[in-house]
Each structure stands twice: as C-alpha cells, then as structure tokens.
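# Close look at the chain arrangement
The primary structure of each chain is shown beneath.
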Amino acid sequence: TPAPTPTPAPSAEEMAGKQFLEDFTRGMATLLNRYKLASWAYASNLTDHNMQLQLQAAVEMATYQKQQWQQLVQFPWRSFQNRDTRRQFEVIADLGMATLPPERFQQLGRLIGQMQGTYSTAKVCDYHNRTKCNLSLEPELVQLLAHSGDADELRHAWVEWRRASGEKVRGLFEQYVAISNEAAALNNYTDLSGLWLKAYETPNFREELQRLWEQMQPLYQQLHAYVRRHLRMRYGDAEVTQQGPIPAHLLGNMWSQTWEGIYQFSKPFPNAQATDATPKMQEQNYTPLRMFRLAEEFFTSLNLSAMPRVFWERSIIEKPADREIVCHASAWDFGDGQDFRIKQCTRVDMKDLYVVHHEMGHVQYFLQYKDQPLIFRRGANPGFHEAVGDVMALSVSTPKHLRKVGLLGAGDASQSSQTALNHLYHTALQKVAFLPFGYLMDLWRWDVFSGRIAPSEYNCRWWRLREEYQGLEPPVDRTEEDFDPGAKYHIISSVPYIRYFVSSVLQFQIHRALCLEAGEFDPNDANKPLHNCDIHGSVAAGEKLKAMLRLGNSRPWPEALEAVTGSRHMDASGLLDYFRPLKQWLEEENQRNGENVGWVPSTRVCVATREELAILRSRNSTDSAFTRTASTEP
Ligand SMILES: C[C@H](N[C@H](C(=O)O)[C@@H]1CCCN1C(=O)[C@@H](N)CC(=O)O)C(=O)N1CCC[C@H]1C(=O)O
Ligand SMILES: [Zn+2]
C-alpha cells in the first residue's frame, strides 16, 4: 500500500501564524477578564462611575484587538494547512466593533450603556394609585402582565412601560445604528446584519429561516385562533374581536413573546390536572437557591458538570434591595476558565424555573468548552448556546418529571390523556407562541441596519411585522413618537435575537435525539410519545450532549448537530413531531367552534405624530362611519 502522502510540514509563515494566535489569546484573556469584571460591576450596580469603568475596560480591549488586527491581516491564513489554525484566524478575522476609531467605539459603548441604564431603571405609576410611581419591570410589571386579568390595568402597564423605556431611547438607538453600521463597513459588510449573520456560516441562511417559519406557521395559526377565542370569552368582544389580531396587552407577557401567563384560564381540559409547578413550589416555600440546586442536579444526573464553587459564591440570584441592577437574567463567562456566574432577579414560579435552566444551560456550555482555545469558546452557532438549557427544561416540565421531584400531584390516571394535552398546550404557549416573535425581532433589525426601514417609520413598520407574523395589534393607536422595539431588552443591548428562533428549532431536534438515546421515546410505541420524554439520569444521553458541547465552535455547526442527532440540517420535524397531537386537537376544536384561523387587518392606526392622531380621531369621531377601520398605513 502506498505510503500516506504526508501533510506538508507547515510553512514558516504558518508557524508564525500559530505563534501569533497563542500570543493574541494570552493578551486577550487578561483584557477580556478585566472587561467582563467591569461589565459585571456595572450590570450589578448601575452607577455612572461603574459605566465609565466598563467603558474604559472595553476601550482597552478594543484597542489591543485593533492593534493586533494590523498583524493578523498580514498572514495568508486562508492557505494554512492546519484546520484549527485556519479556523481560529477565520473566526477573529472580522473584529466587529473594535475596528472603530477609539472615540467612536467609546461613543457606541456609552450609547448602549445609557440605553441599558434607562431600560433597567425605568419606573411606572400604579394604575389604581397614581401617586405610587415605583413599579419596575421586574418583578412588578412582569407579575402584573401575567396575573392582573383587568384589561384597563393591563393597557395602562403596557403603554406606560413603553413611555418610560422605548420612547426615551429612540434618539440614542438611531445613533447606535449609525455607528454600528460604520463598524460593519470597516469589516467590509454593507451593514451590521451581515456581520451578525456571519456566526451562522450558512449560505442562504435567511431563505432557510423563512422555509422553517413556513413549515411551522400552520401550527402557530391554530394556536392563535384557539387563544383568541379564550381571550374573547374572558375579556369580551369589545376587547377581542372575532377575526382580528389579538391585542398585545392580554397575552400575559410585556412583549407577547410567550403566553404561559394565560394557561390557567385557557387550558384544554379545565377539570384535568394543570401542569403548572408554581403552586407546589410556593407551597413548599421554594427559594431561588433551591431552584438553582434543582437545575444543577438535572445536569449532574446526566454526568454533566456541577456548578463550580465560585459560581455559588459570586452569582446574584435575587434582586438586591439596596441598588439598581440589570435584572434581565444573564449567564457570564469571565474568560479565565474558572469564573462563571448567573445574574437573575429570580421569582419563585415555573416561568423562572425555566429561566434558571436556560441560564444554567449557558454555564454548562461554558464549562464543557473551557479547555478549548479562547477563540473557540463559543456555541457551535449562537442558536446552540440558547438551546442547551431549554433541552433540559423540556424534560423537567413533563408531568412525569414534576411528579418525580414533588412539584405536581399524582393526578388521576384515567385523565392521563387530558393531562398530556394540557401539558402539550402549556409547552406550546411557551414554544409555539414564541416562533413568530423570535423570527420578526431581527427581520425588523436587519431592515433597520440596511436602511430598508428608515427612522421615520421605525414604529409603524414594527407593528406591521407584529401583525403579519404574530397576528397582534397594539392595545392603543401608535405613532412615530413611540418607539416600541426599544421596550425590549435585546434591542437596547444590541444582542442579536435570531439565535432564539434557531434554538426553538434545534432544541426539539436535540431533545428527540437524546430521548431516543435514553430509551424515553420510541416512534413506534404509542406509550412512549416524545412529549412525555424525560432524559433525567440518562448518562448515555449526557455523553452524547457532552460530545457536542465540548466542541465549542471549533467545528462548523452541522458537525456539532450531527454529533448529537445524526443530521447536519436544521429542520422543523422535531418540533412538529412533538406538537402533532396538540395540532390535531386544536384543528378539531377550532372547527367545532367555527373559529376562523388567521386574522383580518387591524383597525388600530399608526401615524407619524400624536397631533396627527388627535386630528384623525377628532375628525373621525364626528364621522360615525369611522369605527376602527382606518388603515394602519402611516
Ligand atoms: C433571559 C434570557 N437572557 C439572555 C440569555 O440568557 O440568552 C441574556 C441577555 C442577552 C444575552 N444573555 C446571556 O445570558 C448571554 N450571556 C448568554 C450567552 O453567553 O450567549 C433571554 O433574554 N431570553 C431567554 C429566552 C428568550 C430570551 C428573552 O427573554 O427574550
Ligand atoms: Zn440564552
């Protein structure tokens, strides 16, 4: 047999390139750790002083990256033999915001810091007691949206939150877009959307996403029709029309992005068991710490890593009483391979038990790839990072598992099929309701970055997308003096969002593969449906997942997906298989009730100014023909 052709010895340039990567990584590790610590200090104590220190650390790191970049571009890295060396160069080739001149970079950092500060400290007055004006988003407004049940109070909270957050940052956001696009151009992208999509390394990625959405849209529309009927029954025809979009303030969530808040009064079988762990959690005096320990135990039962001691010492898992912090939950990797934390203003309910698993999924990924070169310590693509915790939560949320951990009663075996449908519906309110929101967030932003959506139409184009994809309408008319996208954390923090849509698809593919591995799901055994699968304790499933997590983004994501599922493609079949029994039930139920699936155009209007709106309303209030039929065109 012929001797294997030896790979040619790496050239002197490639050796120098490898050395450059080691030097760059060593320098970055120190500056990254310092930047993360300063960012944590600001996010966990929102003072101008701390924002200044964070900015300083960010500029130091960016200056170093920019200076190293001059050397980087000298290397002919595309022709290097070693695949890891070549890929590391490829990953850092576009430096992102660090290519900006330092003062522009600093300006960008300050804009984002200010928008985060406004968002995180915004306060709203109580609907019933207008002198009480200290309601924060978390926990007050989040709890109100989920539990109020009073349409007027909900409308008040919805409108006032947007006045106190989004409206205040419209100008800052416009400046943020301009500077971010400058940075994209310095990386040879036409606008920021190109830089953001590079992380997916997928040609025609946007077409792929549209195809996935179209596969899942029928399921969403069935859920939408069913929910609209139950909201109409609860709030009346004046609030919820028969065939129109659903008013956004009634869905139990400030952004209408997940609808688990309306589960109790809309579940398919009211007399069967509700699959909500909240009552038992509160009955048993659960604490945030116990929620975190419960999540950690799920990971260790799969032979994945426990949280390190420093995690328990330095995480913030309850809202402090003595200072303003960024309450929006987040997971942190401090870049030194040892320091990992979560910051979460945890509430004791099932919704936050899901968030605990979501955040701990990020930390598990950090732990599994911590021995990769620094440049590879990322998700296979950002969607993978968002999927890890959610895959665990799919098992935790099953009635079977909740009973196992004492968070659900035994239930009546004769009602098991109704309970199963109640559980499927509960999961759909979180996972299916989310799909159009997870998709449209960056549909709007990509068009803003490209200029297809001009600042003068930011808000009315947002509401066109909200109507087209989610079948929602605002509870009151809107104008371009409002800036509703700015009322959502990721928009003002410059965090891309399509990762959550990608995760919604991937997590069901991964869940299905792990359930097969754990012997918890068998497509040919009606007694082992996918929605009843709980992989808890399956070391075999854990090993499969670990093999993927340890890769970080050292290999193209189709290879990471293949390691777990055997497939190299994202596809909606995992999600559609999971919800098949529910879709069938919803179709029959909507048919039985004569519900129209889909929606007619909204009668809410979106115009340029509040003055124009007042004129429109006054003119039309005399013209009785004007019910709510004005077009939504600006
Ligand atoms: C509650 C959750 N917070 C994010 C997350 O955990 O993704 C935070 C804020 C933005 C990024 N982030 C991180 O923690 C990153 N450091 C993770 C990483 O390392 O990539 C969140 O925003 N979610 C959960 C589901 C939908 C979405 C929402 O609530 O709209
Ligand atoms: Zn996440």
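Quick look at the structure, then. (Residues numbered from 1 in each chain as written. Chains lettered and ligands numbered in written order. Predicted model: local features only at pLDDT ≥ 70, side-chain atom pairs only at ≥ 80, totals over all residues. Heavy atoms only, no water.)

What follows deals with the coordination of the zinc ion (ligand 2). In the first shell of the zinc ion (ligand 2), the protein supplies His358 (NE2), His362 (NE2) and Glu386 (OE), at 1.9 to 2.0 Å from the metal. Mapped onto the polypeptide sequence, the residues donating to the zinc ion (ligand 2) form the spacing pattern H-x3-H-x23-E. In this pair, His358 and His362 are both assigned in helix α14 (residues 350-368), 4 residues apart and thus about one turn of the helix distant. His362 shares its class with His358; the two are buried. (Donors = N, O, S within 2.8 Å, 3.2 Å for Na, K, Ca; no water. Helix = DSSP H or I, 4+ residues; strand = E, 2+ residues; numbered from the N terminus. Buried < 20%, exposed > 50% of the residue type's maximum accessible area, 1.4 Å probe, protein only.)

In this structure, Phe173, Tyr176, Leu223, Val227, Trp444 and Phe579 are the most contacted members of the largest nonpolar core, which totals 191 residues. Counting residues per element, this core draws most heavily on helix α9 (residues 205-235), at 12 residues. Discounting residues that sit within four places of it in the chain, Leu223 has contacts with Trp259, Tyr425, Ala428, Leu429, Val432, Ala433 and Leu586. (Core = buried A, V, L, I, M, F, W, Y, C linked by side-chain atoms within 4.5 Å. Contact = heavy atoms within 4.5 Å.)

Here we take up the site of ligand 1. Lining the immediate surroundings of ligand 1 are 17 residues, of which His328, Ala329, Lys488, Tyr497 and Tyr500 lie closest. His490 is positioned with one of its side-chain polar atoms (N or O) 3.0 Å from an oxygen atom of ligand 1. Burial of ligand 1 by the protein amounts to 83% of the accessible area it has alone, namely 610 Å². For the shell around ligand 1, the secondary structure elements donating two or more residues are β2 (330-333), α14 and α20 (489-492). In terms of residue count, the dominant contributor to the shell around ligand 1 is α14 (5 residues). Across the shell around ligand 1, the residue classes break down as 8 nonpolar, 6 polar and 3 charged. (Near = heavy atom within 4 Å. Polar contact = N/O pair within 3.5 Å; in protein donor to acceptor, adjacent residues only side chain to side chain. Areas by Shrake-Rupley, 256 points an atom, 1.4 Å probe, with all protein chains shown as cover. Nonpolar A, V, L, I, M, F, W, Y, C, P; charged D, E, K, R; others polar.)

On inspection of all chains with the given rule, the structure shows 42 salt bridges. Residue Arg610 pairs with Glu167 through a salt bridge whose shortest N-O separation is 2.8 Å. Of this pair, Arg610 sits in helix α25 (residues 610-622) while Glu167 sits in helix α7 (residues 166-186), and the two are 443 residues apart along the sequence. Here the salt bridges do not stand alone but share partners, grouping Glu167, Arg478, Asp482, Asp484 and Arg610 into one network. (Salt bridge = Lys/Arg side-chain N within 4 Å of Asp/Glu carboxyl O.)

Along helix α3 (residues 83-92), the positions that sit buried rather than exposed are Thr85, Arg87, Gln88, Phe89, Val91 and Ile92. Residue Asn82 occupies the N-cap position of α3, its side-chain oxygen lying 2.8 Å from the main-chain nitrogen of Asp84.

What follows covers the state of the cysteines. With the rule as written, the count across this model stands at 4 disulfides. Here Cys327 pairs with Cys345 through a disulfide, and the sulfurs are 2.0 Å apart. Handedness here is read from the sign of the S-S torsion; for Cys327 and Cys345, about -90°, the answer is left-handed. One end of the pair, Cys327, is in the loop between α13 (309-314) and β2; the other, Cys345, is in the loop between β3 (340-343) and α14, and 18 residues separate them in sequence. Both residues of the pair, Cys327 and Cys345, belong to the buried class. The residue that forms a disulfide with Cys460 is Cys606, at a sulfur-sulfur distance of 2.0 Å. Classification of the bridge connecting Cys460 and Cys606 rests on its S-S torsion, roughly -85°, and on that basis the disulfide is left-handed. Remark: Cys606 occurs in strand β6 (residues 606-607) and Cys460 occurs in helix α19 (residues 458-470); sequence separation between them is 146 residues. No difference in accessibility class separates Cys460 from Cys606, as the two residues are buried. (Disulfide = S-S within 2.5 Å.)

A word on unusual backbone geometry. Following Glu138, the chain continues to Pro139 via a peptide bond in cis, the omega torsion being 0°. A positive phi angle, close to 55°, is found at Asn204, a residue other than glycine. Along the chain, Asn204 falls in the loop between α8 (192-197) and α9. Residues other than glycine seldom take positive phi values, yet Asn285 does so here, at roughly 50°. Mapped onto the secondary structure, Asn285 falls in the loop between α11 (278-283) and α12 (288-301).

What follows concerns the side chain of Lys343. With respect to the secondary-structure elements, Lys343 resides in strand β3. Put simply, Lys343 is tucked away with no salt bridge, and the nearest opposite charge, on Glu138, sits 8.5 Å away. For Lys343, the side chain forms a polar contact with the main-chain oxygen of Val326, separated by 2.7 Å. Not counting residues up to four positions away in its chain, the partners in contact with Lys343 are Trp40, Ala43, Ser44, Ile316, Ile325, Val326, His328, Ala329, Ser330 and Trp332. (Lys, Arg positive; Asp, Glu negative; His and termini not counted.)

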